[in-house]
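Listed here are the chains, written in short residue letters.
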There are 2 protein chains.
Amino acid sequence: MSHGVAHAGALELCIDELHRLLPGRVSTAMAVRMHHGTDVSFHAPHPPDAVVFPHGTDEVSGVAACCARHGVPMIPFGTGTSCEGHIAALHGGVCIDLSEMREILRVGVEDLDVTVQAGVTRKQLNEHLRDTGLFFPIDPGADASLGGMTVTRASGTNAVRYGTMRENVLGLTVVLADGRVIRTGGRARKSAAGYDLTRLFVGSEGTLGIVTEVTLRLYGIPEAISAAVCPFPTLAGAVDTAIAVIQAQIPVARMELLDELQMRATNLYSRLDHPVLPTLFFEFHGSEAAVAEQVAAVQAIAADNGETDFRWASKPEERTRLWQARHDAWWAALALRPGAKGWPTDVCVPISRLAECIAGTRRDIDEAGLLAPILGHVGDGNFHLCYILDPDDPDEMARVRSVNARMIARALAMGGTCTGEHGIGYGKLDELRAEHGDAVDVMAAIKRALDPRALMNPGKVVGRLS
Amino acid sequence: MSHGVAHAGALELCIDELHRLLPGRVSTAMAVRMHHGTDVSFHAPHPPDAVVFPHGTDEVSGVAACCARHGVPMIPFGTGTSCEGHIAALHGGVCIDLSEMREILRVGVEDLDVTVQAGVTRKQLNEHLRDTGLFFPIDPGADASLGGMTVTRASGTNAVRYGTMRENVLGLTVVLADGRVIRTGGRARKSAAGYDLTRLFVGSEGTLGIVTEVTLRLYGIPEAISAAVCPFPTLAGAVDTAIAVIQAQIPVARMELLDELQMRATNLYSRLDHPVLPTLFFEFHGSEAAVAEQVAAVQAIAADNGETDFRWASKPEERTRLWQARHDAWWAALALRPGAKGWPTDVCVPISRLAECIAGTRRDIDEAGLLAPILGHVGDGNFHLCYILDPDDPDEMARVRSVNARMIARALAMGGTCTGEHGIGYGKLDELRAEHGDAVDVMAAIKRALDPRALMNPGKVVGRLS
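Rules behind the numbers
- Residues numbered from 1 in each chain as written.
- Chains lettered and ligands numbered in written order.
- Predicted model: local features only at pLDDT ≥ 70, side-chain atom pairs only at ≥ 80, totals over all residues.
- Heavy atoms only, no water.
- Helix = DSSP H or I, 4+ residues; strand = E, 2+ residues; numbered from the N terminus.
- Rg over C-alpha atoms; globule rule 2.2 N^0.38 Å.
- Buried < 20%, exposed > 50% of the residue type's maximum accessible area, 1.4 Å probe, protein only.
- Areas by Shrake-Rupley, 256 points an atom, 1.4 Å probe, with all protein chains shown as cover.
- Lys, Arg positive; Asp, Glu negative; His and termini not counted.
- Charge placed at Lys NZ, Arg CZ, Asp CG, Glu CD.
- Salt bridge = Lys/Arg side-chain N within 4 Å of Asp/Glu carboxyl O.
- UniProt positions renumbered as here; feature names shortened; annotations may be inferred.
- Least-squares fit on C-alpha atoms with pLDDT ≥ 70 in both.
- Contact = heavy atoms within 4.5 Å.
- Pairing = 2+ DSSP bridges.
- Axes fitted to C-alpha atoms, helices over the stretch in contact; angles between N-to-C directions.
- Patch = residues over 30% accessible without salt bridge, like charges linked within 9 Å, V, L, I, M, F, W, Y side chains within 5 Å.
- Buried area = accessible area lost by both parts, 1.4 Å probe.
- Polar contact = N/O pair within 3.5 Å; in protein donor to acceptor, adjacent residues only side chain to side chain.
- Expected span 1.5 Å × (residues − 1).
- Arc of directions from axis to C-beta.
- Phe/Tyr/Trp six-rings, centres within 6.5 Å; stacked < 30°, edge-to-face > 60°.

## A look at the overall build of chain A
Across its full length, chain A carries 17 helices and 18 strands. A globule of 466 residues ought to have a C-alpha radius of gyration of about 23 Å, and chain A, at 22 Å, matches this closely. Based on the C-alpha atoms only, the size of chain A along its principal axes is roughly 65 × 60 × 40 Å. Evaluated residue by residue, chain A yields a buried proportion of 64% over its 466 residues. As displayed, chain A has an accessible area near 15,800 Å², and 52% of this comes from carbon and sulfur atoms. Across chain A, the mean location of the 43 positive side-chain charges is 3 Å away from that of the 56 negative side-chain charges.

Here's what the structure looks like:
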């Protein structure tokens, strides 16, 4: 048997066995399979052969052991909101949909931590926490599952202050390729006990094991929160402001760039009336005094860079509307060209190179005559492009590929990374090699050690191992 | 050939070759070998067969390739200040002393980062940074090398505010078991590109590869710094204060506990005159206003817990004296019983269980009639015991082992870890298994994948693989 592809007979036996294991929770209906093989990007769908809906770690372990016995690939699935084909069943197999594992297992108010099943979404968690005075800050655009956010090493608008999933996952329960269950990390805030398996599984995109439970850090809801929208006459003015804020180490909670095109899209889609100019969205967290101090420092920097008007959103409902609009930026961009598909991508560079990286990218887009708003988590040195394109137009696709390749090469030449938060999936395999060189061989060696038959989400991160 | 032990003939050939590779920088003198086989703890020395002093990554790569060809174990060495036998040449072999790799390769003032060779020590780095307004916060007791701090996942007094090496290493250059060189991570503040090899090598104790260069985050020296010493009538009062400060999320920069016995030792050794009472040492960082806010909040909590007297150390030289005394706690404790050896150990628990864990440990020590001050980084839920003992007294050693086993079992039962910052070495192999169970098998699988002949610091972390 070649790695990662099941014989037809083995697949049939496997699915039969899964029906006995999870009666009523196995589907081979084409609509269900298609849904589970399709992500939010332009990547072509790759439906799995079957979809199962386990309710706990033991059931996931049973499913994995069954797939392993029959040599059938397994693809874990959260909410399907990844961007680089992470969930595509490239070699068929069983999709393990964790969305019915939505139990919040334990809230540790005294220790500022929580343990959840992998299918709990970030909004569900924060809803649940509301009365405790605590919150979980990491917020990718979608209402993603916390398991999915863990294995894509997600971040979002708050990462500039609170870090990414890398910093906020304390421990995991993981089902291995043969069905064994391990626990990594723990509830202590630090540990020097052995290899950091937690961080190894964070960002592993389902290729090393299936994360079924996650222990996360929580934070107290700040005493004071203040948000503002700040337009600039030039893109450079906005980016230079962001850079100066970071270099001055002002602990802003959020600092998001939306370029002119994205502001036009967002005004239209979210029915707002902001000036159509390159804009920074800010949020400040802290005590009243700390927030006042941060605001004064940021306003002084923005004024130096030509800002025209700080508009405050002080009421909670105004803030919610503002950040909802930011989170809907992707849908707003898509609405600019009805019927088109989106190709979202991101890079991240050292903060000192951000202005140059964004300016070069903007120039390339314009010269290629493409429609592609720039937006992003500029405090991290991270920004997104969303190419709004017609995948059936080969000329347009060629121009997109060329601009994209130049952007990634530029970011890597600056000491940056080919993806700040979207991950590799199968969309950025070559870019991973360009960034990490021989270190990818070490990743592949680890993959082989943990999944010798290449059954765990095959074809992703390290590609298809032979 | 059995794993991890070279034939005598192979060893001779290997050392001959190393002499040609690094002329004048290979020693087989017994004094040099003994020094390199001895750590600061009570663990028996295990001298290597030879010690080499490379000056760069290429030379380390050459040494590793040579050792690999001859099947000779290699043990990387920084400053020899680890506590769990990390540097012991349990199976002989070549000690690779990185202390002559002391070059600071690049300071990125605009990006708040730095790249150093592995032998640069933390004090050397901060001395070098002095005129930039930046500093590197992680400070284990010793003036350890940054390579050694990386591979033991070190922390120290500032971790409560700035995190540990886990959070502060951005990227690494690593020489693998066969001499190949890889680079992990990068200079971007976040990345979703592939497995997190950086975090895998952080804390790997030289068992997966040899770290030769480290890229680290830096921080701006705060506008205001204030330090205080605060004695309490009871140990519980001090610990409860620490817990409440963390639960209130006051961003103290340092919060260190020294129990009554440690205060007696520290007063004697560092010629101070603090009350001989359980005491917290604090440091506050921030703007003037932020520090004032933090101080007021902490004082209110301390007063609730019976503190008797906040003594301020505002001048830089007073603060230096205070923290030097804290860093010398280990030597102060040893001086309590001239001629004795020290067995330093540490555990870390969720903050809500810290009071119970410390009280139970103190009771056990007293009931067993042992001499063992408690001190630690209580803001992290982490504390140290230092047993001051006579390793030649079997009865005393049995009592120490019993108290220690109870402390670790207690910490694990509370969801904690068997070591917050000292690591596993070969001193805590059983404790690692008790804490992580089958996950240790996954660690061993990774070890085999990266070091199939078990030549990299054999016998540590995952034990001696067969």
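## What about the pattern of salt bridges?
Residue and element names in this part refer to chain A. The final tally for this structure, using the stated rule, is 52 salt bridges over all chains. Between R326 and E256 there is a salt bridge whose closest N-O contact spans 2.6 Å. Highlighted residues: R326 in helix 12 (residues 316-327) and E256 in strand 13 (residues 254-258), separated in sequence by 70 residues. Here E256 falls in the buried class, since its relative accessible area comes to 1%.

## Regarding the UniProt feature "domain: FAD-binding PCMH-type" (unreviewed entry) in chain A
As recorded in UniProt, the sites labelled "domain: FAD-binding PCMH-type" (unreviewed entry) are residues 44-221 of chain A. Annotated as 23% helix and 25% strand, the span residues 44-221 of chain A places its first and last C-alpha atoms 41 Å apart.

## A closer look at the relation of the copies chain B and chain A
By a simple turn and slide, chain B fits onto chain A: the slide is 0.0 Å along the axis, the RMSD is 0.0 Å, and the turn is 180°. Seen this way, the second copy is the image of the first under a two-fold rotation axis. A share of 100% of interface residues in chain B that are also interface residues in chain A marks the association as one of identical surfaces.

## Focus on the sheet that holds strand 8 (residues 169-175) of chain B
The strands making up a sheet are joined through hydrogen bonds of the backbone, oriented either antiparallel or parallel. All names here are of chain B. One open sheet holds the five strands; their spatial order is 5-6-10-8-9, and the pairing between them is antiparallel. With one partner strand each, in any of the chains shown, strand 5 (104-108) and strand 9 (181-185) form the two edges of the open sheet. Between one strand and the next, the sheet's axes are offset by a mean angle of 10°, whatever the strand orientation. As paired strands, strand 5 and strand 6 (residues 113-117) are joined by four bridges and run antiparallel to one another. Along strand 6, the bridge assignment pairs I104 with V116.

## Points about a negative patch on the surface
On the surface, a cluster of negative charge is contributed by A:E223, A:E288, A:E293, B:E223, B:E288 and B:E293. Those elements that provide at least two residues to the negative patch are helix 11 (288-304) of chain A together with helix 11 (288-304) of chain B. When you line up the elements, A:E223 lands in the loop between strand 11 (219-220) and strand 12 (224-231).

## Re the interface of chain B and chain A
Taken together, the 75 residues of chain B in the interface contact 76 residues of chain A. Note on chain B versus chain A: buried area summed over both sides is about 5,800 Å², and carbon and sulfur give 58% of it. Considering only the surface of chain B that becomes buried against chain A, B:K190, B:A192 and B:Y195 emerge as the three largest contributors, covering 16% of it. In this structure, the connection of chain B to chain A is made through four salt bridges. For the pair chain B and chain A, the number of links is 34 residue pairs in polar contact (both at pLDDT 80 or more).

## Quick word on the sheet that holds strand 5 (residues 104-108) of chain A
Residues and elements named next belong to chain A. Read across the sheet, five strands follow the order 5-6-10-8-9 without closing on themselves; strand pairing throughout is antiparallel. The open sheet terminates on both sides in strands that have one partner only, identified here as strand 5 and strand 9 (181-185). Within the sheet, the average angular offset between the axes of one strand and its neighbour, ignoring direction, is 10°. The sheet contact formed by strand 8 (residues 169-175) and strand 9 spans five bridges and is antiparallel. Note on strand 9: the bridge partner recorded for T173 is R183.

## Considerations on helix 11 of chain A
Residues and elements named next belong to chain A. For helix 11, which comprises 17 residues, the first-to-last C-alpha distance of 25 Å matches the rise-based estimate of 24 Å (1.5 Å per residue) to within 8%. By the burial criterion, the buried members of helix 11 are A290, V291, Q294, V295, V298, I301 and A302. Here the buried residues of helix 11 occupy an arc of 135° about the axis, which is enough to place them on one side. Across from the buried face of helix 11, at angles greater than 90 degrees, the exposed residues are E288 and D304. The inward-facing, buried residues of helix 11 abut helix 6 (159-162), strand 12, helix 9 (235-247), strand 14 (279-286) and strand 15 (311-313). A positive phi of about 85° marks G306, the residue just after helix 11.

## As for the packing of aromatic side chains
Using the criterion set out here, one finds 22 aromatic pairs over all chains in the structure. With a centroid separation of 4.9 Å and an interplanar angle of 70°, the aromatic rings of A:Y162 and A:Y219 are classed as edge-to-face. In this pair, A:Y162 is assigned in helix 6 and A:Y219 in strand 11, connecting sequence segments 57 residues apart. Take A:Y162 and A:Y219: they sit in the same class, and that class is buried. Summarising the aromatic geometry, the rings of B:F282 and B:F310 are spaced 5.9 Å apart at their centres and angled 15° between planes, so their arrangement reads as stacked.

## Re helix 17 (residues 439-450) of chain A
With twelve residues, helix 17 of chain A ought to run about 16 Å at 1.5 Å a step, and its terminal C-alpha atoms sit 17 Å apart, in line with that. When we look at burial in helix 17 of chain A, the residues that qualify are A:A439, A:V440, A:V442, A:M443, A:A444, A:I446, A:K447 and A:L450. The secondary structure elements touched by the buried residues of helix 17 of chain A are helix 8 (197-201) and helix 16 (429-436) of chain A together with strand 9, helix 8 (197-201) and helix 17 (439-450) of chain B.

## A word on the environment of A:H384
Residues and elements named next belong to chain A. Mapped onto the elements of the fold, H384 is located in strand 18 (residues 382-389). For the pair H384 and A332, spaced 52 residues apart in the sequence, the C-alpha separation amounts to 14 Å. Those residues in contact with H384 that lie beyond four places of it in its chain are T345, D346, P373, I374, L375, G376, H377, E421 and H422. A distance of 3.4 Å separates polar atoms of two side chains, one belonging to H384 and the other to H377. Only 3.2 Å separates the side chain of H384 from the side chain of H422, close enough to count as a polar contact.

## Digging into the side chain of A:T266
Residues and elements named next belong to chain A. Checked against the element boundaries, T266 lands in helix 10 (residues 260-270). Owing to a relative accessible area of 0%, T266 belongs among the buried residues under this scheme. Look past the residues within four positions of T266 in its chain and what remains in contact with it is L258, R271, L272, A325, A329 and A332.

## A short note on the pairing of strand 6 (residues 113-117) of chain A
Residues and elements named next belong to chain A. Among the five residues that make up strand 6, five are buried, leaving the element largely enclosed by the rest of the structure. Of the two faces of strand 6, both are covered, the one formed by D113, T115 and Q117 as well as the one formed by V114 and V116. Taking the residues that link successive antiparallel strands as the turn, the strand 5-strand 6 hairpin has four residues, and the phi of L112 there is positive, at about 55°.

## What to know about the environment of A:A303
All names here are of chain A. On the secondary structure map, A303 appears in helix 11. We classify A303 as partly exposed; its relative accessible area is 47%. As a C-alpha pair, A303 and F135 span 168 residues in sequence and 33 Å in three-dimensional space.

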